[in-house]
Amino acid sequence: MAELKVIDSITELAPHDAGCIAVSGSHGGLSSARYAAATRPMLAVFNDAGVGKDGAGLAGLGLLQAQGVAACTVAHSSARIGDARSTLHDGIISHANECAVALGVAPGQRCEHAVAAAQNHTRRPS
């Protein structure tokens, strides 16, 4: 089963965290996605930060999709930005890239349920 890392900032991930499920309080923008891409979690969860101008708050989902990394955001209205525990316990998935959907993550799902779906997916035989 993938290790669960609950971190307020995605910058707290380290190379040894590769393959983990990273639940963060970070926004889902490009700068956050670059940190996630460098460590390659199995799933990275961010806050959509209200989506923002030109979708800036979730722009990282596409960057991570292009690199084969599952990523999703929780709605800013459901969880506190910068608070990973709130992301995990209060967050409602607002957006997910195709890699995340393949793990069982879906918009409207509670973050805790999305994490459980991803963990269950890793237990299935290939």
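Above this text you will find the structure in question.
What counts, and at which threshold
- Sequence positions are assigned chain by chain, starting from 1 and proceeding in written order.
- Only residues with pLDDT of at least 70 get local features here, since the model is predicted, and only at 80 or more are side-chain atom pairs given and counted; chain-wide, interface and lining totals rely on the full set of residues.
- Heavy atoms from the whole structure form the basis of all side-chain values; hydrogens and water molecules are not counted.
- Helical segments are the DSSP runs of H or I of at least four residues, strand segments are the runs of E of at least two, and each set is numbered from the N terminus.
- Think of it in three bands: with a 1.4 Å probe and only protein chains considered, a residue is buried below 20% of the maximum accessible area for its type, exposed above 50%, and partly exposed in between.
- A contact between two residues is defined here by any heavy atoms of the two lying within 4.5 Å.
- One side-chain nitrogen of Lys or Arg within 4 Å of one carboxyl oxygen of Asp or Glu is enough to make a salt bridge.
- Only when DSSP finds a minimum of two bridges between them are two strands counted as paired.
- With the strands aimed away from the viewer, a crossover counts as right-handed if its path from the first strand over the helix to the second runs clockwise.
- Residues belong to a common nonpolar core when they are buried Ala, Val, Leu, Ile, Met, Phe, Trp, Tyr or Cys residues joined through side-chain atoms within 4.5 Å.

**Some details on the side chain of Ser86**
Moving on, step 1. Within the secondary structure layout, Ser86 lies in helix H3 (residues 84–90).
Moving on, step 2. What makes Ser86 buried here is its relative accessible area of 3%.
Moving on, step 3. Apart from residues lying up to four places away in sequence, Ser86 is in contact with Ala79, Arg80 and Gly91.

**Comments concerning the pattern of salt bridges**
Moving on, step 1. Tallying each qualifying case throughout the model produces 2 salt bridges.
Moving on, step 2. Ionic pairing is found between Lys5 and Asp17, a salt bridge with its closest N-O pair at 3.5 Å. Residue Lys5 is found in strand S1 (residues 4–7), and its partner Asp17 is found in the loop between S1 and strand S2 (21–27); the two are separated by 12 residues along the sequence.

**A few points about the pairing of strand S4 (residues 70–74)**
Moving on, step 1. Among the 5 residues that make up S4, 5 are buried, leaving the element largely enclosed by the rest of the structure.
Moving on, step 2. As defined by bridge partners, strand S3 (residues 43–47) adjoins S4 across 5 bridges and the pair is classed as parallel. What sits directly across from Leu43, in S4, is Ala70.
Moving on, step 3. Running through helix H2 (residues 60–66), the crossover from S3 to the neighbouring parallel element S4 is right-handed.
Moving on, step 4. Examined bridge by bridge, S4 and strand S5 (residues 93–96) share 3 bridges and lie antiparallel to one another.

**Observations concerning the pairing of S2**
When a strand is regular, its side chains alternate between the sheet's two faces.
Moving on, step 1. Counting buried residues along S2, 6 of its 7 residues qualify, which places the element largely inside the surrounding structure.
Moving on, step 2. Bridging between S1 and S2 involves 4 bridges; their strand directions are parallel. Bridging across to S2, Lys5 finds its partner in Ala22.
Moving on, step 3. In terms of strand pairing, S2 meets S3 through 4 bridges, oriented parallel. Considered in S3, the bridge of His27 is made with Asn47.
Moving on, step 4. Each parallel crossover has a hand, and for S2 linked through helix H1 (residues 30–39) to S3 it is right-handed.

**A short note on the side chain of Gln119**
Moving on, step 1. Along the polypeptide, Gln119 turns up in helix H5 (residues 111–123).
Moving on, step 2. Judged by its relative accessible area of 14%, Gln119 falls in the buried class.
Moving on, step 3. With sequence-adjacent residues up to four places away left out, Gln119 is seen in contact with Met1, Ala2, Leu4 and Ile21.

**Comments concerning the nonpolar core**
Moving on, step 1. Ranked by internal contacts, the top residues of the largest apolar core, which has 19 residues, are Ile21, Val23, Leu43, Val45, Ile93, Val105 and Cys111.
Moving on, step 2. Elements that contribute at least two residues to this core include exactly S2, S3, S4 and H5.
Moving on, step 3. Considering each element in turn, this core owes the most residues, 4 residues, to H5.
Moving on, step 4. Ignoring sequence-local partners within four residues, the contact set of Ile93 consists of Cys72, Thr73, Val74, Val105, Ala106, Pro107, Gly108, Gln109, Cys111 and Ala114.
Moving on, step 5. One finds Ile7, Leu13, Ala33 and Ala44 within the second-largest nonpolar core, a separate group that totals 15 residues.

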